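Working through the structure, step by step
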Amino acid sequence: MVKNFALAVLCLFMPLALQADDLSLDLTCKIPEAKKSLKDVTVVARLYEFDPLLADVAATEVDKVVISGMDIRAGKTLEFSLPLHAERAERRSYYVTVFIHPDAEMKERLYFINGFQKVFEGKDEESLKVELKAVSK
C-alpha cells in the first residue's frame, strides 16, 4: 500500500517537474565595431513576463543573467550568448532587455537593445540575435 501511494504521488508531481523551465531563450548579442575599448564591463540580461490585457500593471522579472568582467575592444565586433529560462504562465507575454554597464555598480548604461523585444510568441524555445546600440551622450 505504501508503495502504491508513493507511485501515485510521483505520478501526480511528474508533469510539474517536466514543465519547469519550459521557456528557453538563446539570446545572442552583438556589438559591431565598438568605438572605444572598455575593461571589466557588466552585462545584464533580463526576461520579463507581463499581462498584455493589463496596461497599468508592471512587468515581472522572471530571469536574470549577469556577466561581470567582460572586455570590449575598439574597432572589434563583440558577440556573446546568454541563456534565459522561465516557466510559461497562462495568458502572459514576455520580453527581454540587455544593458552593458561600465562597472558592477550598474548606474550608467553604455549599450542596450534598441526597441521592444518580445519573445516566445507562439513558441517555447527561441533563438534571438540582437544588435546592441551605444547610448548617446
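Model, not experiment: these values are computed from the prediction. (Residues numbered from 1 in each chain as written. Predicted model: local features only at pLDDT ≥ 70, side-chain atom pairs only at ≥ 80, totals over all residues. Heavy atoms only, no water.)

Brief notes about the packing of aromatic side chains
The description of two aromatic rings rests on the distance between their centres and on the angle between their planes. Quick note on the threshold: For this analysis, a ring pair means two rings from Phe, Tyr or Trp (six-membered ring only for Trp) whose centres lie within 6.5 Å, classed as stacked if their planes differ by under 30 degrees, edge-to-face if by over 60, and tilted for the remaining angles. Placement of a charge over a ring requires the Lys NZ or Arg CZ to be within 6 Å of the ring centre, with the centre-to-atom vector within 35 degrees of the ring normal.
For the structure shown, the criterion picks out five aromatic pairs. Of the aromatic side chains, those joined through ring pairs into one cluster are Tyr48, Phe50, Tyr95 and Phe116. The ring of Phe99 has Arg109 sitting right over it, with the charged end atom 3.7 Å from the ring centre.

Quick look at the nonpolar core
Filter applied, for reference: Residue types Ala, Val, Leu, Ile, Met, Phe, Trp, Tyr and Cys, when buried and joined through side-chain atoms within 4.5 Å, form a set referred to as a nonpolar core. Throughout, exposure labels follow a simple rule: accessible area from a 1.4 Å probe, protein chains only, divided by the maximum for the residue type, with under 20% read as buried, over 50% as exposed, and the rest as partly exposed. Think of it this way: any DSSP run of H or I at least four residues long counts as a helix, any run of E at least two long counts as a strand, and we number them from the N terminus. Residues count as neighbours in contact if any of their non-hydrogen atoms are within 4.5 Å of one another.
In terms of nonpolar packing, the biggest core is built from 31 residues, with Leu27, Ile72, Phe80, Ile100 and Leu132 touching the most fellow members. Mapped onto this core, the elements with two or more residues apiece are strand 1 (23-31), strand 2 (38-50), strand 3 (60-72), strand 4 (78-86), strand 5 (93-101), strand 6 (111-113) and strand 8 (125-134). Apart from the residues lying within four places of it in its own chain, the contact partners of Leu27 are Ala45, Phe80, Ser81, Leu82, Leu84, Val96, Val98, Leu128 and Val130.

Let's talk about the side chain of Ser93
Locating Ser93 in the fold gives a position in strand 5. In this structure Ser93 comes out as buried when scored by relative accessible area, which is 16%. With residues up to four places along the chain from it excluded, the contact list for Ser93 reads Tyr48, Glu49, Phe50, Pro52 and Lys118.

What about the pattern of salt bridges?
Where we set the bar: What counts as a salt bridge is simple: a side-chain nitrogen of Lys or Arg found within 4 Å of a carboxyl oxygen of Asp or Glu.
What the rule picks out here adds up to eight salt bridges. Across the pair Arg88 and Asp124 runs a salt bridge, and its minimum N-O distance is 2.8 Å. Taken as a pair, Arg88 in the loop between strand 4 and strand 5 and Asp124 in the loop between strand 7 (117-119) and strand 8 lie far apart in primary sequence, 36 residues in all. Under the relative-accessibility criterion, Arg88 is labelled partly exposed at 32%. On the accessibility criterion, Asp124 (34% relative accessible area) is partly exposed. Here Lys118 ties to Glu121 by a salt bridge, and the two come within 3.3 Å at their closest N and O atoms.

A word on the confidence of the model for the protein
As a reminder of what qualifies: pLDDT measures the predictor's confidence residue by residue and takes values from 0 up to 100.
Mean pLDDT over the protein works out to 86, with 84% of the residues at or above the 70 mark. Across residues 1-19, where pLDDT falls below 50, the model places one contact with residues more than four positions away in sequence or in other chains.

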